[in-house]
Each structure stands twice: as structure tokens, then as C-alpha cells.
Amino acid sequence: MTETAGSAYDRPSTPLEHAAAAPVPDADSLAGRFVLNRSASPASAAERAQALQDLHFGSAFTDHMVHARWTRAAGWQDHAVIPYAPVTLSPAAAVLHYAQEVFEGIKAYRHADGTVWTFRPRYNAVRMNASARRMALPELPEEDFIASLVDLVRVEHLWVPEGAGESLYLRPFAFASEPFLGVRASEVVDYYVIASPAGSYFPHGLEPLSIWVTTGYHRAGRGGTGAAKTGGNYASSLLPQQEAYSQGCDQVCFLDDVTRSSVEELGGMNIMVVNADGTVRTPRLTGTILEGSTRSAIMTLLREEGRPVVEETITLAGLLEDIRDGQVSEVFACGTAAVVVPIGRLAGEDFEVTIAGSQVSRQVYERLTGIQYGTREDTHGWMYRLV
Ligand SMILES: *Cc1c(COP(=O)(O)O)cnc(C)c1O
């Protein structure tokens, strides 16, 4: 991406945004690509009700999962929705040694009339394939990816919670399962989707995060895998995340690895800066930042309301100075799981600043979740009906 040229309002869309905008056939026409093998021992209605009453993130799973297998010789085959169960792997499976894997995160939302919807599924389909190319994994046809969400959520629709801010979190992933210790791309790959009912990230309302800016670690380097959604990026962020905890912070923010001076993103969320004059800035996509669906949607919503949104290099030094002298009124993080989170404190080896504002983050949160939960008009065609 280039920096915004000319008017700050009209930015050329990225290849991912462009591909994601293609229309998706309706769910009825995609349904059935994954053959149902129904679980003989699903949760009882009482067990499910119990699970839906006490929602956390990513700890409870539904009765079924999607599976398909790819082999170099035969391509993708055996598309199915099968009972949720442990996966059997050879101890020599390549993913366990060389981390050849990709994943996605997308939610299913229940609307007031009982229908179930998801948000921009082609975006995630296209992004998973971009991640797969980087990780030398096979691409899954976009409409098979979307069909896998349709078929899973249609079987598990009773697991989609209906409380405010609640959703069924869907986790598609694909990994190298060939039992082979030689270092090359796996010739056997398994694709799964599992589903986990999720509570509101903020049961007590939006609570500001405190962020530790690490200078000793980077999550991505030029030519590396930072733009791919792959487990290794998360593995390498865990130690700096522990450093953040030990410094009394909730999350870690990474700087670029070349100049070590510009802000990139958190371990799993993009970052946005609101200037006192109303302009919103976010780090431009340099190849080391994950191109978030939430980031993209928020930029569109903000521009739509007439706010200038710029993608640019944001230096830590400049950001701290702007926060101290009041030119920056707000900083927030965004991603599918949490949607939008105001950042209330930034700390590092030799600085600590607080940021009081959260007006724009609150407004963006309301507008985006309003579209997702069907209480606001979806003027962009982002919502896709699953059930
Ligand atoms: C998934 C992810 C995001 C957020 O992407 P969304 O599509 O908005 O959920 C941001 N940064 C990283 C590193 C991620 O893995």
C-alpha cells in the first residue's frame, strides 16, 4: 500500500479488500458441500444451556467440527462436518516440528429475529489463502471456506448465543499433517473449523487497556510472516506478552524491526490513533502488519462519517509527544475478538503516558456492533446470512 495521496477520504482499496468485495452466493446454494456425520453424543439441551450461561473466550466447544483433507496427489477431499473430537496425529506430523499452519477468526451473530449472520466471510477466505501461500500450504477455494462456515453453523445454530455482545466464535485452521521430518512443504494438509460460544469481551463495558511497548522483541521482520495469520507469530509474541504482564500491562505493542522506532500492532490486534482535530491514523501495511478485517471496516466507517483516515508511519517518539501535548486524544486497538478497545496507558523502558479519551472508540464500537447484530443498517453488504 502507498500512503494516502490526494484526498484523505478516498484511498485505493487493498488487494484483499478488493477480493473480499466480490458477492457471495447465498448460503442455501453453498450448503451441503460438507457432508454431515452427526454426533451420537451431543450435549443435552441442559448442558448446552449451562455452557451458554457462563461464557468465556475459547474454552467451550460445540458438538461438531468441519474437516477436509488435502493431498498433493488428490487435492481437497472428504469435506465433512463430523463430531467434535481430538485430532489424531503422527508424532512426526510436520506441523509439530516446523509450524506449517494458518488460521482465521470470524464470528456468527444472532439477530433479534433469530437469524444468524457472519461478517465479510470472503475477507477471511481470501486472507486465509494469502496466509496459506506464504506458508506453502494449499489454498482452499473461497466458496468452500464460506460453505464450511454455513454447514457448521447450520448444524450448531442452537450454540449461537443471543445476549448482548455474545457470538459463536469460528476458528478455521489448516496444518501440515504429513508424517515426515524432512524440511519441505507437507504433502498432506488438514483443514478444520471449530466453534466456541463467546461472551462479550467486555461484560462490564469498554475497559481501557494498558499497553507495554517492547523494544527488545519484534513480532515480524521484513520478508517474514507478519502479514500471515500463522501460529508462529503468536508463539513469538508470548514471551514479550509475559514481559508486558510483569510490567503491569495487559498487552504488548511491537515496533518495526528495521528502524525500531515505529509502532506496528499488538500481538493480535491492529492499532489506531485519534488526533484532537478528529483525524484518525493507523500504521500503513508494510508487510509486517496483519491486515485486519476490523481495521478495514473501521476505516470505512470513519471515512463515511467524514473523518480523514490516514495510513502512515507512526513513530513512537512522535506519538508520545502528541499524547503529552494533547494533539492525540485517543488510541485504540481493534480485532474480531474484542472489536474495539480503548488504550488508556502506554508504557515502555523509559516512558509512561496515560490517554483519557475513548469517545471515538465507543462510537466505532456501537456502529460496528450495531451492523453485526442487525440493529443498524448494513449499507456495505458486509453481513452474510448463515441460518
Ligand atoms: C487476527 C489479527 C488481527 C485482527 O484481525 P481481524 O481480522 O480484525 O480480526 C490483528 N493483528 C494480528 C496479528 C492478528 O493475528
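What you see is a predicted model; the values in this text were computed from it and never measured.

Cut-offs used in this document
Residues numbered from 1 in each chain as written. Predicted model: local features only at pLDDT ≥ 70, side-chain atom pairs only at ≥ 80, totals over all residues. Heavy atoms only, no water. Axes fitted to C-alpha atoms, helices over the stretch in contact; angles between N-to-C directions. Helix = DSSP H or I, 4+ residues; strand = E, 2+ residues; numbered from the N terminus. Parallel < 35°, antiparallel > 145°, perpendicular 65-115°, else oblique. Contact = heavy atoms within 4.5 Å. Nonpolar A, V, L, I, M, F, W, Y, C, P; charged D, E, K, R; others polar. Disulfide = S-S within 2.5 Å. Buried < 20%, exposed > 50% of the residue type's maximum accessible area, 1.4 Å probe, protein only. Near = heavy atom within 4 Å. Polar contact = N/O pair within 3.5 Å; in protein donor to acceptor, adjacent residues only side chain to side chain. Areas by Shrake-Rupley, 256 points an atom, 1.4 Å probe, with all protein chains shown as cover. 1 Å grid on protein atoms, 1.4 Å probe; cavity = no way out; pocket = protein on both sides within 12 Å on 5 of 7 lines; lining within 4 Å. Sits in = over half its atoms within 2 Å of the grid points. Domains from an automatic or database assignment. Buried area = accessible area lost by both parts, 1.4 Å probe. Salt bridge = Lys/Arg side-chain N within 4 Å of Asp/Glu carboxyl O. Core = buried A, V, L, I, M, F, W, Y, C linked by side-chain atoms within 4.5 Å.

Help me understand the packing of helix α8 (residues 293–304) against helix α10 (residues 359–372) in this model?
Helix packing geometry: the angle between the two helix axes and the distance between the axes. Running from N to C, α8 and α10 point in directions that differ by 105°, and their axes come no closer than 11 Å. The orientation of α8 relative to α10 falls into the category roughly perpendicular. Together, T294, A297, I298, L301, L302 and E304 of α8 and V360, V364, R367, L368 and I371 of α10 make up the contact between the two elements. Along the lines of polarity and charge, the residues of the contact of α8 with α10 split into 8 nonpolar, 1 polar and 2 charged.

Just checking my understanding: could you explain the state of the cysteines for this structure?
Disulfides are covalent bonds that link the sulfur atoms of two cysteine residues. Under the definition given, this model contains 0 disulfides. Of all cysteine sulfurs in the structure, the one in C253 sits closest to C249, which takes part in no disulfide; the separation is 11 Å. Overall, the relative accessible area of 1% leaves C253 in the buried class.

I keep staring at the site of the ligand and nothing clicks. Help me out?
In the vicinity of the ligand, 15 residues are found, and the nearest of them are K229, Y234, E265, T294 and T336. S293 has a polar backbone atom sitting 2.8 Å from an oxygen atom of the ligand. When isolated, the ligand has an accessible area of 380 Å², and the protein chains bury 97% of it. The cavity that encloses the ligand is the largest pocket. Its residues assigned to classes, the shell around the ligand shows 3 nonpolar, 8 polar and 4 charged.

What is the right way to read the domain arrangement of the protein from this model?
It is common to report an interface's size as the accessible area lost on association of the parts. Each assigned domain of the protein is listed here: domain 1 (31–198) and domain 2 (204–374). Taking the mean C-alpha position of each, domain 1 and domain 2 sit 27 Å from one another. Facing 22 residues of domain 1, the contacting portion of domain 2 comprises 22 residues. Taking both partners together, domain 1 and domain 2 bury about 1900 Å²; carbon and sulfur atoms supply 55% of that area. It is F103, F119 and R127 that lose the most area in domain 1 upon contact with domain 2, and together they represent 28% of the buried surface on that side. Applying the counting criterion to the domain 1 and domain 2 interface returns 0 salt bridges. The interface formed by domain 1 and domain 2 contains 18 residue pairs in polar contact (both at pLDDT 80 or more).

Would you mind going over the nonpolar core with me for this structure?
Proteins that are soluble and globular tend to have nonpolar side chains buried together. Core analysis: the biggest nonpolar cluster contains 50 residues, and I298, L319, I323, V331, I343, L346 and L368 have the highest contact counts within it. Setting aside its immediate chain neighbours within four residues, I343 contacts P208, L209, I211, I271, V331, F332, A333 and I355. In this structure, A27, V153, L168 and Y384 belong to the second largest nonpolar core, which totals 40 residues.

What's the story with unusual backbone geometry in this structure? I'm lost.
Although it is not a glycine, A99 sits at a positive phi angle of roughly 60°. Position of A99 relative to the elements: it lies in the loop between α4 (94–98) and β4 (101–103). Overall, the relative accessible area of 35% leaves A99 in the partly exposed class. A positive phi angle, close to 55°, is found at R260, a residue other than glycine. With respect to the helices and strands, R260 occurs in the loop between β10 (251–255) and β11 (263–266). Look at R260 and you get exposed, because its relative accessible area is 54%.

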